[in-house]
Every structure is written in structure tokens, then in C-alpha cells.
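# Observations on the model geometry
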Amino acid sequence: MIRLEQVDKRYPNGHLALSGVDLVIRRGEFVFIVGPSGSGKSSLVRLLYREELPTAGDVYIDQFHLTHMRRSQVPRLRRQLGVVFQDVKLLPQRTVGQNVAFAMEVVGASSREIAKRVPQVLELVGLGRRRDSFPHQLSGGEQQRLGIARALVNNPVYLIADEPTGNLDPDTAQDIMQLFLEINRRGATVIMATHARDLVNQVKRRVLAIDHGRIVRDELKGAYHEA
Amino acid sequence: MRPKTLWYFGRETGYGLWRNGWMTLASVSTVAISLFVLAFFIVLSVNLNHIAATLENEVEIRVFIHQKVPRKTELQLLKQARGWPSVRQISFFTKTQAAHQLQSEFPDQKALLQLIDQSNPLFDGYDVYAHHPAQIPAVARRFRRLPVVQSVVYEGLVAKRINRVTEIVRAVGWGIEALLALATLSIISNTIRLAVFARRREIAVMKLVGATDWFIRWPFVLEGTVLGLIGAAAADVAVNYGYRWAIRAAVAAMPFWPVAPLHLVLEHTVGVTVLMGLVIGGIGSLVAVRRFLHV
Ligand SMILES: Nc1ncnc2c1ncn2[C@@H]1O[C@H](COP(=O)(O)OP(=O)(O)O)[C@@H](O)[C@H]1O
Ligand SMILES: [Mg+2]
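One structure accompanies this document, and this report is about it. Since the structure is predicted, the reported quantities are computational estimates derived from the model, not experimental observations. (Residues numbered from 1 in each chain as written. Chains lettered and ligands numbered in written order. Predicted model: local features only at pLDDT ≥ 70, side-chain atom pairs only at ≥ 80, totals over all residues. Heavy atoms only, no water.)

### Points about the overall build of chain B
Stated precisely, the cut-off is as follows: Helix numbers and strand numbers start at the N terminus; a helix is a DSSP run of H or I with at least 4 residues, a strand a run of E with at least 2. Two residues form a contact once any of their heavy atoms are found within 4.5 Å. In this count, Lys and Arg are taken as positive residues and Asp and Glu as negative ones, while His and the chain termini are left out. In this description, the location of a charge corresponds to atom NZ of lysine, CZ of arginine, CG of aspartate or CD of glutamate.
Summing up its helical and strand segments, chain B has 10 helices and 4 strands in all. When its helices and strands are written in sequence order, chain B yields α-α-β-α-β-α-α-β-α-β-α-α-α-α. In terms of its C-alpha atoms, chain B occupies a principal-axis envelope of roughly 95 × 40 × 30 Å. For chain B, the share of sequence-separated contacts (at least 6 apart) that also reach a separation of at least 24 residues comes to 85%. Distance from the positive charge centre (31 side chains) to the negative charge centre (18 side chains) of chain B: 5 Å.

Here it is in C-alpha cells:
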């Protein structure tokens, strides 16, 4: 379970990006975080994987108290999470397979586990045949799939995505959305920040609307509309 | 640590060194030069020690008698000097004995030994020991005043002075090395900074998927340490060949000079340079990792 209590985030330049955010996300949910550009979606997401700490309030994810945890515990938290970005952050010198394997390698997985798991995940995201390609040989949608494969490969409990369809054409964005839904069906909790109105409206999942750093709406089976 | 993880660190380290190309070369050379300078001072002090030790093994005062003085007079003086209060022990040697001693000390100096065989240019004399080092100059003066005495050398004093010089050489060497080490540290940490920069994408991904801080640091620390070790190895190779050359030159120019043998020099330099290489490389990369890696 993810829980935020009275969270404020003020950046060093004085800008207040989040204020008084209260929020609970249970395991297995699919949650959209929607709002106009600059409303604080990315700021909220960065708090979840502890890239940033809140200025006030508390963040809890399962047994982790993010605002009061030791540095040495952060890797354990991150291994529960998979993170996907708009700019996928792939390693250009490594093949598709190596990009995914790298994520397992650096958390100490064995060669056998890696050899078994990497093809499974690539198959799941539809890149089974692109294993030996390099990222620059992939289309935008395929690159995003690769980013998702990497986020999934260590079996995260929570999959967190920040505008994963932001750079994609509508059809490709559709496909990626279906992939997230499939991942959610298989048990992962999905949290997706987006301002892709059509996608949100079409799937009827929980929607958290955020504006000027405040949660202005929280609807199960919601839609993306102006408050 | 698992073999798989070791392999990962080894591969990443090697890859980093290779990718950094010129910077790797620059930092290895800097380490090598810095450690070579350190080794140079060590070689100096080892040699000074060697000279002092050689001299201390010999008699404290050596008195040489003019060549024309008859044996009877020499033996009378021996008996007389035995009675002097400062003299603890005195023994007489002939120039033939002196020649034999020389032959056993320098078996390689063929030309020289031949010369001695033909017309022994050495002197008869006495080995004299004082009760106390402070008495040595007085005893030496007393011998020197006698008309039959050709010359007097007392090497204990020389040895003592050499030891002083050795201490100074060593202190100067370490002082210079401290400065060089700082310069070396900074170039190593800059090399590692470049390595960190080259791998910033990988590092970002590693942090994101939950690699531990030390897992991220290790390849960089290893890289710095390997730079230090390669530098130390280069310095030691240079010392090895340089010193062989120096020995040959010294023996040709000053056959009697007690040059410390190569193995003795290497015994003193290799350990220190390797250790310093490790320390400089390790610390340099740790500094870089702390300042630039943010993990
Ligand atoms: N690192 C930062 N330093 C200062 N201000 C920031 C920083 N990151 C974001 N902001 C500001 O915080 C506000 C919210 O940004 P962000 O969370 O990126 O919104 P969104 O992802 O919804 O577009 C914006 O006004 C943005 O300029
Ligand atoms: Mg954003």
C-alpha cells in the first residue's frame, strides 16, 4: 500500500509544487494521475521512488517509511518498484536483451535467472524478436516497450510511469496502454501520470486529478475532465 | 561475493579503463613518475644505509704505517698503543693481509687484483677500537702525531654522518612524495570523474532499479586502484632497469664504492611503491566517487 499524508513539496528555488497531498493506493489498483503541464504530476511520482523527499508530511510504501528510512534501505524499496519515463533512459550501447539483463545484473541476479527471465519479459512486451537490436533501431513505441520490460524484469509490486505515452502517436499510445492494463491484470499495481485525455477516458480506472499541486478530484472509474 | 558479481566488476573496470584511453595513460604515467621519484629517494637512502653499514662492519680506526718502517718498530708501537687508556683493542695487519682482504671483498676487480699481486701498493697498519665513540678523535690524533704513521681514518664518524644524511634524504623524499601524491590524487580522481561521466546513464539506471551504493561504487574504486597499481608496476620496472644501469656505471667509475645490490634496493622499493599506488589509486577514486557519483 502507498500512503501519503499531508505532503508538501517545495523546491529549493521556493516553488511549491505539491501542497497538502493525502493519498492511499492499494495493491492491485490501476491509478491515473492527471493534470495540466506543471501541475505537479512528476513531482508526486518522484516522491514515490524517493528521488525527492517531501518538504513536509510522510510517504509510506508497504513497510517503508520513505521520509524516515536509512539510505542503505533505499535499494530495497526501489526493488519493489518499476519506473518508466517519457524519455525512456535506455543504454544506447547495449542491445535490447542487454538493457533488460543489466537491470537484473546490478541487483545481483544469477546468470541462470537472467537467461530465464529476460526472454519472458521481452515476450510479454512484444519484443521477443528484437532481442539483439540496439535501441536506436527501435521505433518510439518499441523503445517504450523496452523501458517497460526493464521496469518489469525484477517483478516489481508497483509499476510507476511518468507520461509513458507522451512522445508516441495515438495508435502506439493505445498499444502501450493495453500493455499497462495487461501488466495490471497480472497483479502489478500501476500508477501512471499522464495528460492523454483519450486514453484515460476510455479505460475507466481510478483517476487522481491534480492542479497547482493539490489533489482536486479522486474518482474510481473516473474520466479526465475539467473540474 | 559471487563469481558472477566479481566478473561484473572486473568487466566494468576493464571497460572503464579502456574507454578512458588517454586519461588512463595520463594517470598511469603520473602515478608512475610520482612513485619513481619516491623510489629514487628510497634507493638513495638504501645506498647510504648500505655504505654506513659497510663502514660500521669495519674497524673504528684504521692506522696506516709508512712503507719503509721496519716490522720491529711497528710491533713496538703495537705494544705501546695497547697501554693507552682509550684503546680497547688493537691488532696489527700487514699489507699482504690487507691485499687478501681486498681480494675477498672485490673478487670481480680482476685488473685491480693483478696490480696488487705485482707490486702491493698497500700499507701495514693497525685496526684500533676505542672504549667509547667519543674517544675516537683523540686516539686518532694521538696516532697521527707519530712520525711513522702515514695516515689515520676513522669511519665510525663517517658512518654517523651518513646516517644523519640518510635521515634527511628520507624525510625530503617523503616530503616531495607527499606533494606529488596530492597531484597524483587529483589526476586520478579526475580520471574517475570522467569515468563516472561516461557511465552516467548506467548509473542512473542502476540507482533506479535498486543497485546498492557499493555495487555502483566498486567498479570506479577498482578502476582507480588498478590505475595506481599499473603506475606502481611501471615505476618498479623503471627502477629495476635504471638501477642495473646505475650499478654498472658506478662500478666502472668507482670500483671501491659499496653499491647496494639490486635485490636489496628492490626489497625496499617494490613494497612501498605498490602500497602507495594502492593507497593513492584507492583514495583518489573514493574522493571522485564521493564528489561526483552522489551515491
Ligand atoms: N527541480 C525543480 N526545481 C524547481 N522547480 C521545479 C522542479 N521540478 C519541478 N518544478 C516546478 O514544479 C512545478 C510542478 O512540476 P512537475 O511536477 O514537473 O509538473 P508536471 O509533471 O505535472 O508537469 C512546475 O511549476 C515546475 O516548474
Ligand atoms: Mg511531468
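So that's the structure; there's more coming.
### Quick word on the overall build of chain A
The line we're drawing: We take the radius of gyration over the C-alpha atoms and set the globule estimate at 2.2 Å times the residue count to the 0.38 power. Burial classes: relative accessible area under 20% of the type maximum marks a residue as buried, over 50% as exposed, and values in between as partly exposed (1.4 Å probe, protein chains only). In this description, accessible areas are obtained by the Shrake-Rupley approach with a 1.4 Å probe, and a residue is regarded as covered only by the protein chains that are shown.
A tally of regular secondary structure across chain A gives 7 helices and 10 strands. Whereas a compact globule of 227 residues would reach a radius of gyration of roughly 17 Å, chain A reaches 17 Å, a difference of no more than 12%. Its C-alpha atoms give chain A principal-axis dimensions of roughly 45 × 40 × 35 Å. Here chain A holds 227 residues, and the buried ones make up 55% of them. In chain A, 66% of the contacts between residues at least 6 apart in sequence involve partners at least 24 apart. Accessible surface computed for chain A: about 10300 Å², of which carbon and sulfur atoms make up 46%. Positive and negative side-chain charges in chain A, numbering 32 and 25 respectively, have mean positions lying 6 Å apart.

### Some details on the sheet that holds strand β1 (residues 61–65) of chain B
Backbone hydrogen bonds hold the strands of a sheet together, and the pairing may be parallel or antiparallel. All names here are of chain B. Our working rule: A pair of strands counts as paired when DSSP detects no fewer than two bridges linking them. For helices, the axis comes from a line fit to the C-alpha atoms of the stretch in contact; other axes are also lines fit to C-alpha atoms, and the angle between any two N-to-C directions lies between 0 and 180 degrees.
Taking strand neighbours across the sheet as the criterion, the 4 strands line up as β2-β3-β1-β4 in an open arrangement whose pairing is antiparallel. For this open sheet the edge positions go to β2 (87–93) and β4 (149–154), each flanked by a neighbour on one side alone. Here the strands of the sheet are splayed against their neighbours by 20° on average, with no regard to which way each runs. Examined bridge by bridge, β1 and β4 share 5 bridges and lie antiparallel to one another. Note that in β4 the partner of Ile-65 across the bridge is Val-149. Packed onto the sheet, helix α3 (residues 71–82) meets β1, β2 and β3 (125–130) and runs at close to 165° relative to β2.

### Describing the site of ligand 1
All names here are of chain A. The test is simple: Whether a residue is near a molecule or strand depends on its heavy atoms: it is near if one of them lies within 4 Å of it. Here a polar contact is taken to be a pair of N or O atoms separated by no more than 3.5 Å, where protein atoms must pair a possible hydrogen donor with a possible acceptor and residues adjacent in sequence count only if both atoms sit in side chains.
Taken together, 13 residues form the shell around ligand 1, and within it Gly-38, Gly-40, Lys-41, Ser-42 and Ser-43 come nearest. Between Ser-43 and ligand 1, the recorded distance is 2.5 Å, taken from a side-chain N or O atom to an oxygen atom. A distance of 3.3 Å is found between a nitrogen atom of ligand 1 and a side-chain nitrogen or oxygen belonging to Arg-46. About the coverage of ligand 1: the protein hides 67% of its 560 Å² of free accessible area.

### A word on the sheet that holds strand β10 (residues 214–219) of chain A
Residue and element names in this part refer to chain A. Taken in spatial order, the 6 strands of this open sheet run β6-β7-β8-β3-β9-β10, and their pairing is mixed. Unpaired on one side and paired on the other, β6 (81–85) and β10 mark the two borders of the sheet. Strand-to-strand twist across the sheet, computed as the mean angle between neighbouring axes with direction ignored, equals 15°. With 5 bridges joining them, strand β9 (residues 206–211) and β10 adopt antiparallel strand pairing. Within the sheet, the bridge partner assigned to Asp-211 lies in β10 and is Arg-214. Packing of helix α5 (residues 140–152) onto the sheet brings it into contact with β6 and β7 (158–162), and relative to β6 it is tilted by some 165°.

### Looking at the packing of aromatic side chains
Residue and element names in this part refer to chain B. To be explicit about the condition: Any Phe, Tyr or Trp ring, taking Trp's six-membered ring, that has another such ring centre within 6.5 Å forms a pair; planes under 30 degrees apart are called stacked, those over 60 apart edge-to-face, and the others tilted. Cation placement over rings: the criterion is NZ of Lys or CZ of Arg within 6 Å of the ring centroid and within 35° of the ring normal.
Scanning the model with the defined rule gives 9 aromatic pairs over all chains in all. Considering the side-chain rings of Phe-92 and Tyr-126, the 5.7 Å spacing of their centres and the 55° angle between planes classify their relative orientation as tilted. Placement of Phe-92 in strand β2 and of Tyr-126 in strand β3 is noted, with a sequence separation of 34 residues between them. Judged by its relative accessible area of 0%, Tyr-126 is buried. One cation-aromatic arrangement involves Arg-217 over Trp-214; the distance from NZ or CZ to the ring centre is 4.8 Å.

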